[in-house]
Amino acid sequence: MKSNFRAFAPYVFAAISLGFSVDSLAESSACTDWIRPGMSLDFQKNKGDIEICVESGNYDQQLSIQGLRGGKVKIRSQYDDPLLRANFRGGVLIRNSSGITLSNVNVSRPKGNPATDPAAILIDQGSENNIIDNVMVRDSTHGIAIGGEAYDGQGGPSGAGNIIQNSRVERITLNGITVGNGSGLPVNASHLTAPFGTHISKNTITDSGGHGIDVDASRGVRIVDNVISSTGNTKELSPGGYSGIHLYSAADSGSCSSNQVFYNYVWGTGSIPGAKGTDGNGIQIDNFCDDNAVGYNVVWNNAGAGIAIFNAARNQVYSNTVAFNSQQPDRATTFDPRSSAVGEIILSACVDRNPDSRVNECAEGRPHDGRTQNNMVYNNIVFSSVQKAPAINVHETAVRNELDPTRDLMNKVGPNMLSTAGSIGDPAWPQLVYGKNSSFIVDQDIDKATGTSGNLIEIPFVVGYDARNLESVYLNNSFQLARRPSKIGEFFDERKYWRDIIGQNSLSGSSVYFGAYYNLKK
């Protein structure tokens with residue numbers, strides 16, 4: 001079909017044909033143009049504000065949007081119902097563009113080689129201020145990627161202001177959503193003056209073989225109000241290495257910082273049986289990711305830890321509810337940061353013999369010593385249901401620098417509300433493991449060991465959940481505090497206006513600071 005070029009004041013719209021044309025129709029007064037099935041679309045050098053409606057049906061070639069700046073371009077299906085709306089089965093590319101909104105469509109790509117396949121939706125090359133809203137992405141090698149995963153050699157990081165929201169991502173070979181290769185805020189930009197680098201909110205991610213959400217060497221990413229389940233279970237790749245939400249950098253460059261992980265539900269992260277790796281965690285703050293915040297999340301029934309901090313500094317982990325993790329049955333019950341790890345919340349580092357290096361020697365067998373320092377873990381409810389798996393496990397590499405044993409690594413662990421199922425006072429099931437050969441079952445001893453006050457060992461009175469239906473925690477607000485504990489946690493004034501995971505003001509007359517949510521009216 002020949003190319004069609006039309007001018008509409010005050011903008012110029014160019015449809016570069018790949019067997020496709022855009023017809024100017026009057027079906028909807030809100031629509032500038034319509035896209036119809038059997039056609040492919042390539043937008044280039046578009047200017048001005050336009051709204052294009054997409055008719056239901058299958059579109060087998062890629063929707064390509066490149067070089068569009070200077071206006072707002074909305075592309076949407078005419079239906080909200082995923083069963084009725086348009087299916088882009090060749091994927092979507094947004095490159096070097098801004099002001100694009102893609103909504104109410106289904107997107108997929110045929111599964112292929114993870115090393116060469118682009119994401120089903122790929123936003124790259126400096127693209128900024130784009131919105132992916134109410135989109136269904138499924139049955140693809142990679143889900144949605146901002147920066148990263150641009151394997152055609154033309155890709156690159158993207159700028160600030162990209163939003164992925166209200167969408168569902170499922171049955172993906174690797175990661176559900178990826179923000180990678182320096183996307184978001186530049187290293188020299190302040191997260192205090194920019195609203196965010198990338199905003200990922202109100203999405204549902206399930207059955208991704210890799211990470212649910214992966215932030216790779218990117219800054220200023222906000223991960224808020226997402227529901228992530230049954231990730232990390234791939235059988236198409238080598239086992240291990242995945243978390244529900246994962247922050248990671250390959251180098252100590254300051255590129256993984258100022259990220260926020262708030263109000264998410266994470267459960268069912270897997271790790272291939274027999275792998276005995278340190279992954280399969282609910283939320284992991286991984287290599288060289290510093291100055292991030294993780295708060296008001298509910299994390300349960302993951303193969304590994306609920307929350308893990310590894311080779312990372314100055315992170316804050318507070319007011320989370322972390323329960324019934326370390327579920328991988330063949331995972332060892334001793335803590336070794338190079339092989340197996342158990343615990344609801346764990347902190348560890350590698351043992352480095354060359355601490356001046358700024359490369360990822362962890363992967364090379366010469367890991368960093370003392371890299372996990374100055375983190376704060378407080379006001380969490382931490383409940384272990386796996387025998388001999390402590391509520392909190394702080395490895396010796398997160399307590400002292402081996403090269404300088406006199407230097408405390410200043411990780412603040414406490415106050416927290418700790419419990420191990422049916423074993424209060426049982427020395428075989430410690431509440432806290434803190435350094436080499438040091439385990440504690442009494443809250444006063446935990447206060448002394450950690451240098452904090454107000455730690456509480458007490459079985460929390462919470463809304464129950466159905467162990468046969470893991471989703472019931474999310475559906476029924478299970479693990480929600482329903483009775484005031486005997487201590488109140490630690491007050492930080494800068495948190496006073498923050499809501500809990502179900503939208504309550506976290507300090508609204510309750511004086512309770514433990515956990516992600518609570519209802520003390522019962």
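The rules behind the values
- Residues numbered from 1 in each chain as written.
- Predicted model: local features only at pLDDT ≥ 70, side-chain atom pairs only at ≥ 80, totals over all residues.
- Heavy atoms only, no water.
- Patch = residues over 30% accessible without salt bridge, like charges linked within 9 Å, V, L, I, M, F, W, Y side chains within 5 Å.
- Areas by Shrake-Rupley, 256 points an atom, 1.4 Å probe, with all protein chains shown as cover.
- Salt bridge = Lys/Arg side-chain N within 4 Å of Asp/Glu carboxyl O.
- Helix = DSSP H or I, 4+ residues; strand = E, 2+ residues; numbered from the N terminus.
- Buried < 20%, exposed > 50% of the residue type's maximum accessible area, 1.4 Å probe, protein only.
- Arc of directions from axis to C-beta.
- Contact = heavy atoms within 4.5 Å.
- Disulfide = S-S within 2.5 Å.
- pLDDT = per-residue confidence, 0-100.
- Pairing = 2+ DSSP bridges.
- Phe/Tyr/Trp six-rings, centres within 6.5 Å; stacked < 30°, edge-to-face > 60°.
- Lys NZ or Arg CZ within 6 Å of the ring centre and 35° of its normal.

In this section: a nonpolar patch on the surface. Nonpolar side chains collect at one region of the surface, where Y79, L83 and L84 lie side by side and expose about 340 Å² of accessible area between them. Here L83 lies in the loop between β8 (73-77) and β9 (86-88). With relative accessibility at 79%, the residue L83 sits in the exposed group.

This paragraph deals with helix α1 (residues 443-450). Turning to α1, its buried residues are D443, I446, D447 and T450. Viewed along the axis of α1, the buried residues span an arc of 105°, placing them on a single side of the element. Opposite the buried face of α1, at more than 90 degrees from it, the exposed residues are Q444 and K448. Looking at the buried positions of α1, the neighbouring elements they touch are β42 (412-413), β43 (417-420), β44 (432-434), β45 (439-440) and β46 (456-457). In the stretch just after α1, G451 is the one whose phi turns positive, near 70°.

Within the structure shown, the criterion is met by 18 salt bridges. For the salt bridge of R168 with E170, the shortest nitrogen-to-oxygen distance reads 2.5 Å. Note on E170: relative accessible area 6%, which makes it buried. Between R314 and D290 there is a salt bridge, and its shortest N-O distance comes to 3.8 Å. With R314 in the loop between β33 (307-310) and β34 (316-318) and D290 in strand β30 (residues 289-290), this pair connects stretches of sequence that are 24 residues apart. Connected through shared salt-bridge partners, R138, D139, R168, E170 and R171 make up one network.

Time to look at the state of the cysteines. Counted under the stated rule, the structure contains two disulfides. Covalently, C31 is tied to C53 through a disulfide, its sulfur atoms 1.8 Å apart. Here C31 and C53 share a disulfide; its torsion about the S-S bond, -60°, makes the bridge left-handed. Here C31 is found in the loop between β2 (11-15) and β3 (33-35), whereas its partner C53 is found in strand β5 (residues 50-54), with 22 residues between them in sequence. The exposure class of C31 is buried, given its relative accessible area of 7%.

Along the chain, the position of D216 falls in strand β22 (residues 213-216). Judged by relative accessible area, D216 falls into the partly exposed class, the value being 24%. Separated by 31 residues in sequence, D216 and L247 have C-alpha atoms that sit 6.2 Å apart. Dropping the residues within four chain positions of it, D216 is found in contact with V179, G180, N181, G182, Y248 and S249.

Quick look at the confidence of the model for the chain now. Scored by pLDDT, the chain comes out at a mean of 81, with 76% of its residues at no less than 70. Contacts for the low-pLDDT stretch residues 1-28, under 50 throughout, to residues beyond four places or in other chains number 65 contacts. Of the regions scoring below 50 in pLDDT, residues 334-340 engages in 26 contacts with residues more than four places distant in sequence or in other chains.

Right, let's talk about the pairing of β8 for a bit. Covered by surrounding structure in β8 are V73, I75 and S77 only, the residues K74 and R76 on the alternate face being uncovered. Here β8 pairs with strand β11 (residues 100-103) via four bridges, running parallel. Across the sheet, the residue bridging to V73 is I100, located in β11.

Counted according to the given criterion, the structure contains 14 aromatic pairs. Plain terms: the ring middles of F262 and Y263 are 5.8 Å apart, the flat faces sit at 45° to each other, and that makes the pair tilted. According to the relative accessible area criterion, F262 is buried, its value standing at 2%. Clustering of aromatic rings is evident, with ring pairs tying together F262, Y263, Y296, Y318 and Y378. The aromatic ring of F461 is capped on one face by R483, whose charged end is 4.0 Å from the ring centroid. Above the ring of Y263, the side-chain terminus of R499 is found at 3.7 Å from the ring centroid.

Attention now goes to the environment of K72. Topologically, K72 is positioned in the loop between β7 (63-66) and β8. Taking relative accessible area as the criterion, K72 reaches 57% and is therefore assigned exposed. For the pair formed by K72 and T101, sequence separation is 29 residues and the distance between their alpha carbons is 7.7 Å. Look past the residues within four positions of K72 in its chain and what remains in contact with it is G48, D49, I50 and G99.

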